[in-house]
Every structure is written in C-alpha cells, then in structure tokens.
Amino acid sequence: MKNRDAFAEWLKTYVNINPYSVGRYSKAIDTISSELTDYGIEQNVNLFDLTEPAIIEKIMKNPEFKLKNDKGHRMYSSALNHLKKYIEHYYDSELQTILPRGEGSVTKEDTILIKIGVSYKAEITSEELYHATSVSWIIAENRLSSGEIKYYCAVYNNEIKEVYRLTGYEKDVHPDNIGRFILIGELAEESIRSKLHEHNVRDIHKGSGNPIKYVKMEDLLTRVNTGMEVDILSGDEKAEDKQLIKLLLKRLAENKNELRTLSTNNPNWITKVNDAGIYVENETSREKFTKGEKKNPFSFITYDFLLTAWEEFIKVRSASTKDFIETKGSSSFIMGFFHELPFVETELKDNNYFIKLKEFTTDRLPESTLKQTLKLLTEIINEELDPKTISQKFKEDSIKRLKLRARQGLKILGFLSEEYKIQQQILNEYIDTRNTDVFLSKRMLRHPYLKITYQLLSLLTGIGKAEKVNLLTEIGMVLVRNSLGSNLMVHSVAQNRTRNILNWFKEIGLVDEEWNVLDNKFDGRYTLTPSASLVREEQIKITIFDLVNHINQYIANKGFFYRKEEVINLFLSLKTKPFVIISGISGTGKTKIVQWFAESVGATEKNGQFTLIPVRPDWSDSSDLLGYVDIKGDFKKGKLTEVILNARENENLPYFVLLDEMNLARVEYYFSDLLSVMESRKWDEGEMVSSTLLSEKTAGKKIILPNNLYIIGTVNMDETTHPFSKKVLDRANTIEFNRVELGNLSFLQELDEIEPVKVNQELFASKYLHLKDAYKSNEQLIKTITDELILINNALQRINAHIGYRVRDEICFYLSYNEESQLMPFEQALDHCILQKILPRIAGSDGRVETLLKELFSLFTRMEYVEELDVQYDFKNAPYPASAAKVVEMLRRLQEDGFTSFWIS
C-alpha cells in the first residue's frame, strides 16, 4: 500500500488537504527521492516505499536539504513531515496485522492505546466509554491470542480517559469489518486507573487517523512517576516557535524603557532595539564608559541569547539565578526582563528571588463560543434552568455537550460557582446593567488567564492574526495543564481554547477584527517602578515563614528595633482577626510599626492600601467614620467607607487602616457597628461574607465588610483617654509596646537594603471562622490548648472574668496558624495569646483580684509568688514568661496603689 497514490489518498482522507496541495507535496517527495545522494543517503530508494521514518529524519538534518528547503519556503520539509506521519499511521496499525510475526518477534508490550475520537462525550460514564472502545479494531490477532495484551486504554485528545483490563476478544463478523476485532474487558484496578487518568501520551500515540499503539504498562506508569515528557516537535515547528517567542521578547523590549533587577532593584535601561537584539545600559556600564574602562556604555544582548535563557527557564519553570547556566553572566537582567511578562510571577524563598511561570488548567479556559454561553445564561434567567441539572435535562448528546461547554463558560465569567451554583449577586448586576458588553468585558478581564491573553495582545498590535494565534497557543501549552494538572495542554486543545478567547474578546468589543486591542486597560501594567523607594506593582509568591522574615528585616532597615517574635505576633493577630489594638507609652513606635508593616507588603498611602485616620474626641457615633446622609438626602462617604469600597474593588490585595489614638473617643460609640458586622461573618459557598454595614437605602448601594481590610488601633491609657469594655477586648488582640532599649544600636549595623514586596491578600486571609474549621487538621493541638485554657478559666471565674467561646476559638486559630508555618514554639505563641486576650480583662481592687493574680502567677511560672517588692524573678524556665511578668507588674501595682489593671504601666 506504500505508493504515491496511497499517500495522496491518505492526505485527502486524514489531513483534509486540497488536491492542488496534494499534487505539490507528492511532486516535492519525487524531487527529494531523485536527489538522495545530495543529502547523504547512499542507497537508491523511493521515499514512497519507506516503512519507517529514519531516512526522512536524516534528510531533514542535512545542511544541503535545509538550504534547498529555505529557498522553497519550507514546502519540502512540510511534504516530508506529512510523509513521516503517513508512514507512522500505516506501519504501526495496518501493517501490524498483515506482516508476518515470528515467535521471536513477540514483545513484552502488554497494553493497547486506542484513539476513540468522536466517540468521546463530555461526562461520559466508564461503562459508556467501554462500549466506545470495544467496538471494532484492526489489531494483530496473534497479539490477542497469545495473551500478551493485558490492558487497553481509551485515548482522547492524546490523553488517557480510561483503562480497562482485557479479558477476551471476538472477531467482528460484519462484512465491512473483516479482519477486525471486538475487545471484551472490565475496569482495570484503581491503582492503575488513578495514575493514568488524563496522562498525556502524545509522544507515543502520534500519527494521524486512528492508529493502534502497543506499549508496556510498566513504561506508562514510569512516565507518570517521573513526569517524563518527550518533545516531538519537528525541527521546523521548533524553529517557528522560537521565532514567535523572539517576536514576543522584542515587543516586550520595545515597550520597556527601564526595568530593575529583582534582588537589588538596580535599574537597567533599554536604549535601543533592533532585529538582532537589544542594547542595555546600567549605572555600572555608564560609569565604566565614562572612565574609559569600557568601549561602549551599553551591552548588546542578542535574541538567541535570550531564547537560550528562555529554554533554561521553562525547563525548570521556577528559576533562580543559579538555574541560568548557559546565560549566567546576565542572569540578573534576564530574570528582571522575563518577570515583566504578564504570565511570569516572582517568588521569594529563603531570601532568594525566583521567577515562576503562572499555571492554569484547561477548565479555566473557554470551551464554548460566547454566543452559546450567553444563550445558556438567558435560559437560566428566563426559564429558571438549574445549571446543575443539564446532564439530566438534555438527553441528546450533541445538545448536552454544547450546554456543558457553555456552563463552563459561565463559571469562567463568574456567573456560576465551582459547584455550578448561580452567583445571584453577579447575575443581578448583569440583569440590571445598561451595557452588557462593558459588564462582560470587566468580567473577562477579572479572569487571570483571559487577562494575561489581553495583556499579551497589547504587545502584539499590528502583527497578523495567524501569528497571534500561534504565539498565544504556544504560551498556552507552556502555562496550562489538563484538568487534573498532570500534563501540559496539547496543541489542538490550546489552539481551540485560544481562538475561543480571541473571539470572546472580539464579540464584546475588546479587540477588532484583526484581534488588536481597542482599549488597553492596562496602562503602566508592566510591573517595576522607576524608584527603589517605591513598590513593584506585582504580587510575589511567598511563604508565610519568608513573609514574616521579610517584614522583620524591612522594619529593622527603617531604624526601628522590634524583636522578631513581636512582628510574628502582629502578623498572626491580624490573620486571626482583622482587628488589633496596640497600646504602650508614647514614642515606642506604635504608629510606625503599623506603617512599616503595611509598607513592607506594598501597602502605602500613595496606592491607597494604607490609610491613617486620626480619631477625634468628639466622635459619638459611626457617622464620622462611615459617613452620613446630608440634608439634601445625599450620602457623604466617611474616610473608612472610601477604603472599604477600594478594598472591595481589589479583593486580592490587603488594605490596612490605622485608627490613631482610637480611645480619645469612646470606642463603643463610634465603632460598635463595625464590631457587630465583624462578628457576623459566615461562610457562604466557600466565601467569607459579613452582614450589611451600610444599607442601600443609606449609601445608595449595599456595603459589606471586605475580608481584605485590616484595622489596627493605637491607644494610650491616661487621663485623656477612655478605657475599653469587655465587648471590645473580646473582639481584638491587644498588643503592648512598652519595651524600650535605647542602648541597642547593633541592629543598625550592616543592614541590607530591603525593598517592599507586593503580596497577595491570600497570605493574610483568615481561613477559620468556627472551631470546627480548624479542628480536623489540628485536633491534638486544640485539645492541648483547651486543657491549658480550662486551668486559667477556673481561676478567672473568681472575679467573673472568665473567657467565652469566642476568645477560646481565636486563641486556637492563632496557635493553628502558628503551627502550620512553624513561626514560634507552642509555649511562646500561647504566652502572647494569654497576654493579649486574657490579662486585659483583669482589673479591680479587692482581695479576689489579688488571689486570682497569684494563682495565675503559679500557673504561668510553676512557682509561688513572693510578697517582697524587691524580689527579682528569673522567668527563663517559666512556660509563659511574658504573661508572668505582666502579672507581677499588676500585683505590685495593686500592693502599692490599692488598684490594678492591665492598662496601668
């Protein structure tokens, strides 16, 4: 069957190539067959008669062929690539059945890979899939009869969808299927199925049409365990991909005048860009040029050099300077350059910067047209269709598939939750909007992958549509994995999803017919600021442990000395509950630690993420903080309301509000609404939501408390201020800053320059609201904490100051977060909780208070309290030394003044 006519027929049948092109490809192969000696092939052979592709691969590597191919606009390599696929198709399927196989040629291959093509349907069951795979196949009968085949796999879009154990077979007796076989099987063992599900086999199941492939199950499982991927792109395809990446890097360089290195924030200036590379200058190169030590003030970096660095980067996917081996001389510049790409993020690990590819899964990319997606949305609105019941409601497979794909699109737009539950608030906003195109464009650009695509398009204005699709497809194959995350997206899926995204943009008016952006909504989006004193406008992936180290070093760099455990305590307190009170004598840096804490994570007054609100003594209700309705009926926003609205618009960023001198007015008067709403938080479809803070009637729109808002109040306790009620103390962590070490200057020596890092709200977000949220993963820890709190509570009952469930839960949350990130030893962390959640409740002048404090002293130190005032205690071996020291202070104040309180210092 291997002849010129068969090849032509195969091109028309399987590749859908028009007759004119078929003739050109066939003629090209005839030409190459007549010139084989020119390309290093000694034997005289007609390429149409080949049974394996090794000669083709040798031809395509030959320099003379490459020269001829370039002159022929790569038509010869295209023809040979098609011939190669043709050979693979027939040699591995039909020829297996007709070529004689001697006994010695039987292999240990025990598994068949079967492409099921159109037989695969969305949400198909394993039983339905079994019938789709067992129907009728051209398989070598000697393999089936020998018993060597143990398994067969259903493959769709190069991914294994199901694995069956072969239990038998029978010949297909249908006249049109002579020589074919029906497979009989059952589901394979779960250990194999779970590992191979969605595993990509593109490199061993290549070939057009529907070839049968034989492999070892052992090899398949080995590939899964090692994550092995084989690059099967041809030389021409690889060259084309490199040209696309080169184009992207060139456009990026043309759009960036300045970029900064990650670790030192030193500037690099891109002064010129041409087709060969980019010219880069920095302060060092300019200085050397001025001194005559360098011939030019610039360094010339070729695109080939950048492409080598690109290959090094995507090979590891998360790279530090040490991973750029062939390009190590410029690794700092390369990392700064690559992280300007919208799909590259920065990560800080062990005080080392890494650049990292963002990752997505295919279910985050649209599989349906926008028209079909919005049609389903209309059905949900008008017909009250429950999106969860689509599989049951629509029986015809083709319609069901369309609806399921459209449903996925609605989830991408945010109309449906992960569980396909209607997001009523977003749906209502869509129904009420006057301009649905604008509304939908905003929804699209909130989606991370769609936003990246749009950002890339802003770099690609003016190039052809085909180049745009190919480049975005290539990027998609680097960033997107299958729905299980086990393998990267294959070309056909990437191209289909990319076209869907581009057509979504076109239909909604974000791009024109050529997919050029019409309104670039990302002015200045390329990340670094021109000054070391400003913050990178990006979010860096960082662990909580590294984040706390970074905050501590940043604050020390500003010339303020706080112990690291104090910084950890502030962080854990905010994560546990977004309301913290900081007390202490004047001048200890209460305001500054909050300001530097916020600035270290990218929250400044300039970008609106940090706001200082001075509290006035005449505040008697929440109107000064939240706002009020004036005599005309217009709502006048308070300063805190403005922050709340900004935080709601940027839910992935933390916002900090500092209420300075918050007890100059009675906190219960102006802050009670916020305290109540803060306590109303609950879980709703996996999201933490609060009750209404300001009603639509009052503010024109319903305003709730955002989860990314953190309120810190500073207080002084003197004759000009008001004390706190238990209602307030129960709802806050109260942190004291009274320690002053004027002589400690060592922390100022040899400080490294530390720059802010803009981090995601996720690091600060609370994930526990109720004790049951934390109990499953911290059962033993919570039992240990509870045992300690019971002992303390028994003592507190003496003066009716015992804690309730809220305080217990928040202490458990604090200790759980601490344990998860290994920030402090257990006793040290619990010591902070006792000091700031329990002891502030204690005040009084009678003997019961004295007895309570002495009992607490024994619990905290495992020692007896001594009455003498000049006794110096050594708390080195005490379980809770900070709490013990505070108790001693309170006892001595009681003995001297006849009254004591946590707040007296």
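Everything below is about the structure printed above this text.
About the criteria used
- Residues numbered from 1 in each chain as written.
- Predicted model: local features only at pLDDT ≥ 70, side-chain atom pairs only at ≥ 80, totals over all residues.
- Heavy atoms only, no water.
- Helix = DSSP H or I, 4+ residues; strand = E, 2+ residues; numbered from the N terminus.
- Buried < 20%, exposed > 50% of the residue type's maximum accessible area, 1.4 Å probe, protein only.
- Core = buried A, V, L, I, M, F, W, Y, C linked by side-chain atoms within 4.5 Å.
- Contact = heavy atoms within 4.5 Å.
- Expected span 1.5 Å × (residues − 1).
- Axes fitted to C-alpha atoms, helices over the stretch in contact; angles between N-to-C directions.
- Parallel < 35°, antiparallel > 145°, perpendicular 65-115°, else oblique.
- Nonpolar A, V, L, I, M, F, W, Y, C, P; charged D, E, K, R; others polar.
- Salt bridge = Lys/Arg side-chain N within 4 Å of Asp/Glu carboxyl O.

*Asks:* I would appreciate a short explanation of unusual backbone geometry in the present structure.
*Replies:* Glycine aside, residues mostly have negative phi angles, and peptide bonds mostly take the trans form. For asparagine 800, which is not glycine, the phi torsion reads 60° and is therefore positive. Tracing the backbone through its elements, the reader meets asparagine 800 in the loop between helix H32 (779-796) and helix H33 (805-821). A residue is classified by how much of its surface remains accessible, and asparagine 800, at 54% relative accessible area, is exposed. A positive phi angle is found at glutamine 822, which is not glycine, with a value near 55°. Tracing the sequence through the fold places glutamine 822 in the loop between H33 and helix H34 (826-838).

*Asks:* Please explain the nonpolar core as it appears in this structure.
*Replies:* Here is a general trend for soluble globular proteins: nonpolar side chains tend to be buried in one another's company. Membership of the largest hydrophobic core comes to 209 residues, with the highest contact counts inside it found for Phe338, Phe343 and Phe656. The residues touching phenylalanine 343, leaving out its near neighbours within four places in the chain, are Leu248, Trp310, Lys356, Leu357, Lys358, Ile452, Leu456, Ile475 and Leu479. Formed by 30 residues, the second largest nonpolar core is a distinct cluster that contains Ile29, Ile41, Ile55 and Met60.

*Asks:* Honestly, H34 in this entry has me stumped. Any pointers?
*Replies:* In an α-helix, one turn spans 3.6 residues; hence positions three or four apart end up facing the same way. The terminal C-alpha atoms of H34, which comprises 13 residues, lie 17 Å apart, in line with the 18 Å expected from a rise of 1.5 Å per residue. H34 sits mainly inside the fold: 11 of its 13 residues count as buried. Residues Phe826, Ala829, Leu830, Asp831, His832, Cys833, Ile834, Leu835, Gln836, Lys837 and Ile838 constitute the buried set of H34.

*Asks:* So what exactly am I meant to see when it comes to the packing of helix H13 (residues 303-316) against helix H14 (residues 331-338) here?
*Replies:* Two quantities define a packed helix pair, namely the angle between the axes and the distance from one axis to the other. In contact at an axis separation of 11 Å, H13 and H14 are set at 75° when each is read in the N-to-C sense. One finds that H13 runs roughly perpendicular with respect to H14. Seen from H13, the contacting residues are Phe305, Leu306, Ala309, Trp310 and Phe313; seen from H14, they are Ile334, Phe337 and Phe338. Along the lines of polarity and charge, the residues of the contact of H13 with H14 split into 8 nonpolar, no polar and no charged.

*Asks:* Would you mind showing me how to read the pattern of salt bridges here?
*Replies:* Here the idea is simple: oppositely charged side chains can pair when their charged atoms come close. Following the criterion strictly, the structure yields 38 salt bridges and no others. The salt bridge partner of arginine 497 is glutamate 367, with a shortest N-O separation of 3.6 Å. On the criterion of sequence distance, the pair formed by arginine 497 in helix H22 (residues 491-508) and glutamate 367 in the loop between strand S13 (360-361) and helix H15 (370-382) is long-range, its members being 130 residues apart. Of the residues examined, arginine 497 reaches a relative accessible area of 10% and is grouped as buried. Taking the shortest distance from any N to any O, the salt bridge between glutamate 850 and lysine 854 comes out at 3.1 Å. Of the two residues, glutamate 850 and lysine 854 are both situated in helix H35 (residues 847-861); the distance of 4 residues between them amounts to about one turn of the helix. By relative accessible area, which is 23% here, lysine 854 ends up partly exposed. Among the charged side chains, a salt-bridge network with shared partners connects Lys577, Glu679, Asp730, Arg806, Glu810, Lys837 and Arg841.

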